[in-house]
Amino acid sequence: MFKHNLLLIYRNFKRFKSTFFINLIGLSTGLACVLLIYLWVNDELSVDKFNKNDSRLFRAMEHRVKSGGIWTSPTTPGPLAEALVEDMPEIEYVVPTTQPQSYLLSLGDKNVSAVGRYVGNHFFKTFSYDLIEGDAGKVLSDKNSIVISDVLARKLFNTTDNLIGKTVEFQHETSFQVSGVFKSMPSNATDQFEFVLTFEKFREYRDWLKSWGNTGLLTMVLLKPDVDVNAFNAKIADYVKVKTEGQITHRTLFLKNYSENYLHGKYENGVVVGGRITYVKLFSLIAIFILIIACINFMNLSTAKASRRIKEVGIKKAIGAGRKALIVQYLGESILMSFLSLLVAILLVDIFLSQFNVITGKQLSLQLDSTMILLFTGAMLFTGLLAGSYPALYLSGFNPASVLKGKFSSSFGEAWARKGLVVFQFTLSIIFIVSVLVVYKQIEFVQSANLGYEKEDLIYFPLKGALSEVKSQESLIEEMKGVPGVSNVSSTSHTLTGHNSGTSGVVWEGKDTEDKTEFENITVNYDMIETMGVEMKEGRTFSRQHGMDTSAIIFNQKAIDFMGLKDPIGKVVKLWGEDVQIIGVTNDFHFESLHEDVKPVFFRLDTRDTYLLMARLQAGKESEALGAIQTLCQKFNPGFPFEYKFVDEVYQSQYASEQRVATLSRYFAGLAILISCLGLFGLASFTAERRRKEMGIRKILGSSEFNIVYLISSDFTKIVFVSIIIALPLSFIAMRYWLEDFVYKIELQWWFFIGAGALALVISWMTVGMQAVKAARVNPTKCLKEE
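Here we summarise the structure given alongside this text. Nothing here was measured: the structure is a model prediction, and the numbers come from that model. (Residues numbered from 1 in each chain as written. Predicted model: local features only at pLDDT ≥ 70, side-chain atom pairs only at ≥ 80, totals over all residues. Heavy atoms only, no water.)

**Describing the overall build of the protein chain**
Per the secondary structure count, the protein chain includes 24 helices and 27 strands. Of all 787 residues assigned to the protein chain, the portion counted as buried reaches 51%. A fraction of 78% describes how many contacts in the protein chain between residues 6 or more apart in sequence connect residues 24 or more apart. For the protein chain, the accessible area works out to roughly 36400 Å², and carbon and sulfur atoms hold 56% of it. (Helix = DSSP H or I, 4+ residues; strand = E, 2+ residues; numbered from the N terminus. Buried < 20%, exposed > 50% of the residue type's maximum accessible area, 1.4 Å probe, protein only. Contact = heavy atoms within 4.5 Å. Areas by Shrake-Rupley, 256 points an atom, 1.4 Å probe, with all protein chains shown as cover.)

Here it is in structure tokens:
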């Protein structure tokens, strides 16, 4: 029986070749999209899940009350880790860490730039990083120890064996002994680094770590088994207030599961409101919708060609075939089609996966393990049953007597069901078109928006080694000012991209004592504001002509408005308890992404506290200037590589997620439209073929080719018009919701929606038009003879 059904399925595929290939292309394309999105979603869901103690591993964070709401910060005070260990028996380990950043390691004449961080002693007991050499409980017991990755070990020593006790020079200043070698962390770890040093070493000469008022560390906590984290959070909520004896009351401490931060890291007013999980849900829905669109093609074409198979059904029923047997046959046909489509889809994924990785920034791979085989089987069965259920029930329900007497005719409900499915397809396609257009325009807006400073041709690089000394910095700055292609140069503590350093230590007359709003702190050298290209609204910038402006301060307009100061120039405020005089006010500028509003900012002059050199290059002379700057840096700081960044490139990286979403949306929208058009093409072909006799009679009676084209196209045009009417309000609601994530955003223009509808209409006309023109040009004599 199985062999017989298989033979029938083969004959039907061969008999209706065009339908077979349309279904094969549509289903395989849809399944390929689903598989690619699955690989991406699965990788996103697995980020930071590699730790064995994932359910007990948390990050300490703070909710900080400020004017107008609550700001959630991932950084914590220096004394927190030791205090928690002493006071909280529910804790197994607490690990203070710094953010990973680039340092220079040397071995003889070999200099290697590597990303490292300072971590607490129990780091390798808390996190599941496998040690190739060394004991997890001892590798960080000596403050002069360094633990390196296997990749870094090969760079420095060309091996990973017998490295314990070897000496590595750090920043050409200090030597550390290798105490362990760990396997490089997996690609789905958010924190990527190549070596760790002890936190005890970091603690040296950093008095700010002793104060509960200063934050800047990341604190990881491993709770003991069976500890209720909600109850523990209630216990530590006022911990900072208690430890400071009521001096700090605006900060609430809490623990957040370490692996959840990646997907659920966006807070508004102290409440989690999303994060990357939004895009995971979005693309999961896109995958489902694309697969549904492909299945609709199969349903429509299968039911549309029913008139070709009615005699087959009638004869089978007349000789005793039951409805159940027919359902099994037609479901088998759809499942086999799904299986063939799956094979093509796997081939497509294998071909395009490398390009998909480039777009997503991932390292995805298609591994045929038991999980993947189970997924393939499930996808095949789901697609086959979804696509084949309606046709199987529809075809098996024919009355054999009516069929064999030739009284079969398509029902009104059947026609409307088919049209409804096409409406659903094109509604989704139009929503995709609008989404692609709006996302593109918003990304274009944020990339070209006036930030209040000139980000183009602005570079910065860290001042390390000898350049960490003020005298060397000043000498380098003076020589760089004479370099052709360099228009201005200074030094600062701020990258101008993202929150770097904030303080609530600004006090002015009339300030609410409960107000703990943080001002962004930008420490600068002379000429820094000019180098940035920030315009002064009133007053002046820091100037050598006025002596050392160390007791002077410059605010942005947002800060002045927030403090409620009128005629601010010359007024005195307090910064960290010291009187400072306002000498200038700048126009507002964005140092964070346009997801955020402009924040209060102040500039203070302190040449001893700047660790980044920033230079303005002349357009068209960048290469020449960079070469000269590199030569100067090697002169002043031998042994250190010249590692610079363009501010505009770092700024653009803040929108990496949105840019990837925009790119992926374009591809998936295009595929959704392609699949929809394939179905429309198939239906148009079937309609034209079914009405050949009618077209012949109309031509004999005097109808022009234009009238016939119009007749065939008008039915499909009405369907697309209905899709447009449904899709436009839905797409407006969806895009308005997406744009709410941006403080600064585009206006939703009417032409976004009308243009998307018009594009869908043109595409449908082009798709149907080919078959309509073909039908209009038919020889009436020939088609009537065929009848």
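**Regarding the packing of aromatic side chains**
The full count for this structure, using the stated rule, is 36 aromatic pairs. Three or more aromatic residues joined by ring pairs make a cluster, and in this case those are Phe-50, Phe-123, Phe-124, Phe-127, Tyr-129, Phe-182, Phe-193 and Tyr-258. (Phe/Tyr/Trp six-rings, centres within 6.5 Å; stacked < 30°, edge-to-face > 60°.)

**Some words on the pairing of strand S4 (residues 91-97)**
Put simply, side chains in a regular strand alternate between the two faces of the sheet. Counting buried positions along S4 yields 6 of 7 residues, so the element is predominantly enclosed. Sheet topology note: the S4/strand S12 (residues 215-223) ladder contains 6 bridges and is antiparallel. Looking at the pairing, Ile-91 lines up with Leu-223 of S12. (Pairing = 2+ DSSP bridges.)

**Quick word on the pattern of salt bridges**
Any two side chains of opposite charge can pair, so long as their charged atoms come close to each other. Under the criterion given, the structure shown has 31 salt bridges. For Glu-90, the salt bridge is made with Lys-235, and the minimal N-O distance between the two is 2.8 Å. Taken as a pair, Glu-90 in the loop between helix H3 (80-87) and S4 and Lys-235 in helix H7 (residues 229-236) lie far apart in primary sequence, 145 residues in all. The class of Glu-90 is partly exposed, set by a relative accessible area of 21%. When its relative accessible area of 44% is taken as the criterion, Lys-235 is described as partly exposed. The residue Asp-527 makes a salt bridge to Lys-481 at a minimum N-O spacing of 3.1 Å. (Salt bridge = Lys/Arg side-chain N within 4 Å of Asp/Glu carboxyl O.)

**Looking at unusual backbone geometry**
At His-172, a position not held by glycine, the phi torsion is positive, near 55°. As for its position among the elements, His-172 is in the loop between strand S9 (167-170) and strand S10 (174-182). Take His-172: its relative accessible area is 30%, and that puts it in the partly exposed class. One non-glycine residue, Leu-496, adopts positive backbone phi at about 70°. With respect to the helices and strands, Leu-496 occurs in the loop between strand S17 (486-492) and strand S18 (502-503).

**Section: the nonpolar core**
Formed by 114 residues in total, the largest nonpolar core has its most connected members in Phe-542, Phe-589, Phe-603 and Phe-668. Looking at which element gives the most residues to this core, the answer is helix H14 (residues 412-448), with 14 residues. If near-sequence neighbours (up to four positions away) are discounted, Phe-668 is found in contact with Cys-33, Ile-37, Phe-283, Ile-286, Ile-290 and Phe-356. Counting 23 residues, the second-largest nonpolar core is a separate cluster that includes Leu-152, Leu-156, Phe-170 and Phe-202. (Core = buried A, V, L, I, M, F, W, Y, C linked by side-chain atoms within 4.5 Å.)

**Looking at a nonpolar patch on the surface**
There is a patch of nonpolar side chains on the surface, built from Leu-347, Ile-351 and Phe-352 and spanning about 310 Å² of accessible area. Mapped onto the elements, Leu-347 comes out in helix H11 (residues 323-360). When its relative accessible area of 52% is taken as the criterion, Leu-347 is described as exposed. (Patch = residues over 30% accessible without salt bridge, like charges linked within 9 Å, V, L, I, M, F, W, Y side chains within 5 Å.)

**Some details on the environment of Val-139**
Its location among the elements puts Val-139 in the loop between strand S7 (131-133) and strand S8 (145-149). Considering only alpha carbons, one finds Val-139 and His-122, 17 residues apart in sequence, at a separation of 9.2 Å. In contact with Val-139, not counting residues within four places along its chain, are Phe-124, Leu-131, Gly-134, Ser-145, Val-147, Ser-179 and Gly-180.

**Observations regarding empty space enclosed by the protein**
Taken as a whole, this structure holds 7 cavities of 30 Å³ or more when the rule is applied. The computed volume of the largest cavity comes to approximately 140 Å³. Lining the largest cavity we find Leu-104, Ser-113, Phe-461, Pro-462, Lys-464, Leu-467, Cys-633, Asn-637, Phe-640, Pro-641, Phe-642 and Glu-643. Approximately 90 Å³ is the volume attributed to the second largest cavity. If you trace the second largest cavity, you find it lined by Trp-40, Glu-44, Arg-276, Tyr-279, Phe-283, Thr-360, Lys-362, Ser-657, Arg-660, Val-661 and Leu-664. At the level of secondary structure, the elements contributing two or more residues to the lining of the second largest cavity comprise helix H2 (17-46), helix H9 (277-304) and helix H20 (656-690). The biggest single contributor to the lining of the second largest cavity is H20, with 4 residues. A per-class count over the lining of the second largest cavity returns 5 nonpolar, 2 polar and 4 charged. (1 Å grid on protein atoms, 1.4 Å probe; cavity = no way out; pocket = protein on both sides within 12 Å on 5 of 7 lines; lining within 4 Å. Points joined across faces, edges and corners; volume = space filled by probe spheres on them. Nonpolar A, V, L, I, M, F, W, Y, C, P; charged D, E, K, R; others polar.)

**Section: the pairing of strand S20 (residues 519-524)**
The buried fraction of S20 amounts to 6 of the 6 residues, a majority that puts the element mostly inside the structure. Alternating positions in S20 separate into two faces, Phe-519, Asn-521 and Thr-523 on one and Glu-520, Ile-522 and Val-524 on the other, with burial throughout. Two strands pair when backbone bridges link them, and S18 and S20 are joined in this way by 2 bridges, in the antiparallel orientation. The residue bridging Gly-502 from the neighbouring strand is Glu-520, located in S20. Of the pairings in the sheet, the one linking S20 to strand S25 (residues 601-605) comprises 5 bridges and is parallel in character. When the bridges of S25 are listed, Asn-521 appears paired with Phe-602.

**Thoughts on the environment of Asn-637**
With respect to the helices and strands, Asn-637 occurs in the loop between helix H18 (622-636) and strand S27 (645-646). Take Asn-637: its relative accessible area is 6%, and that puts it in the buried class. Separated by 172 residues in the primary sequence, Asn-637 and Gly-465 place their C-alpha atoms 6.6 Å from one another. For Asn-637, the residues in contact, after removing those within four places along its chain, are Lys-464, Gly-465, Ala-466 and Leu-467. Side-chain polar atoms of Asn-637 contact the backbone oxygen of Lys-464, separated by 2.8 Å. (Polar contact = N/O pair within 3.5 Å; in protein donor to acceptor, adjacent residues only side chain to side chain.)

**What about the side chain of Thr-497?**
Counting through the fold element by element, Thr-497 comes out in the loop between S17 and S18. Within the local environment of Thr-497, its side chain forms a polar contact with the side chain of Thr-495, the two groups lying 3.2 Å apart. Dropping the residues within four chain positions of it, Thr-497 is found in contact with Tyr-453, Phe-591, Val-647, Val-650, Tyr-651 and Gln-654.

**Observations concerning the packing of helix H15 (residues 470-480) against H18**
The interhelical angle for the contact between H15 and H18, taken along N-to-C directions, is 155°, at an axis separation of 11 Å. By the criterion of interaxial angle, the relationship of H15 to H18 is roughly antiparallel. Considering how the two elements wind past one another, H15 and H18 form a crossing that is right-handed. Taken together, the residues of H18 that come into contact with H15 (itself represented by Ser-472, Ser-475, Leu-476, Glu-479 and Met-480) are Ile-629, Leu-632, Cys-633, Lys-635 and Phe-636. Residue classes in the contact of H15 with H18 are distributed as 6 nonpolar, 2 polar and 2 charged. (Axes fitted to C-alpha atoms, helices over the stretch in contact; angles between N-to-C directions. Parallel < 35°, antiparallel > 145°, perpendicular 65-115°, else oblique. Left-handed = near helix turned anticlockwise from the far one by under 90°.)

**Re H18**
Taking 1.5 Å of rise per residue, 15 residues should cover 21 Å, and H18 covers 21 Å from first to last C-alpha, within 8% of that figure. Of the surrounding secondary structure, the elements contacted by the buried residues of H18 are strand S16 (458-462), H15, S17, strand S26 (612-617) and S27. (Expected span 1.5 Å × (residues − 1).)

**Describing helix H5 (residues 150-157)**
Among all positions in H5, only Asp-150, Leu-152, Ala-153, Leu-156 and Phe-157 are buried. All buried residues of H5 fall inside an arc of 155° around its axis, so they share one side. Of the residues trailing H5, Asn-158 is marked for its positive phi of about 65°. (Arc of directions from axis to C-beta.)

**Some points on the environment of Glu-596**
Position of Glu-596 relative to the elements: it lies in the loop between strand S24 (578-586) and S25. For the pair Glu-596 and Phe-742, spaced 146 residues apart in sequence, the C-alpha separation works out to 6.9 Å. Discounting residues that sit within four places of it in the chain, Glu-596 has contacts with His-590, Val-743 and Tyr-744.

Bear in mind that shape data such as this cannot, by itself, settle questions of function.
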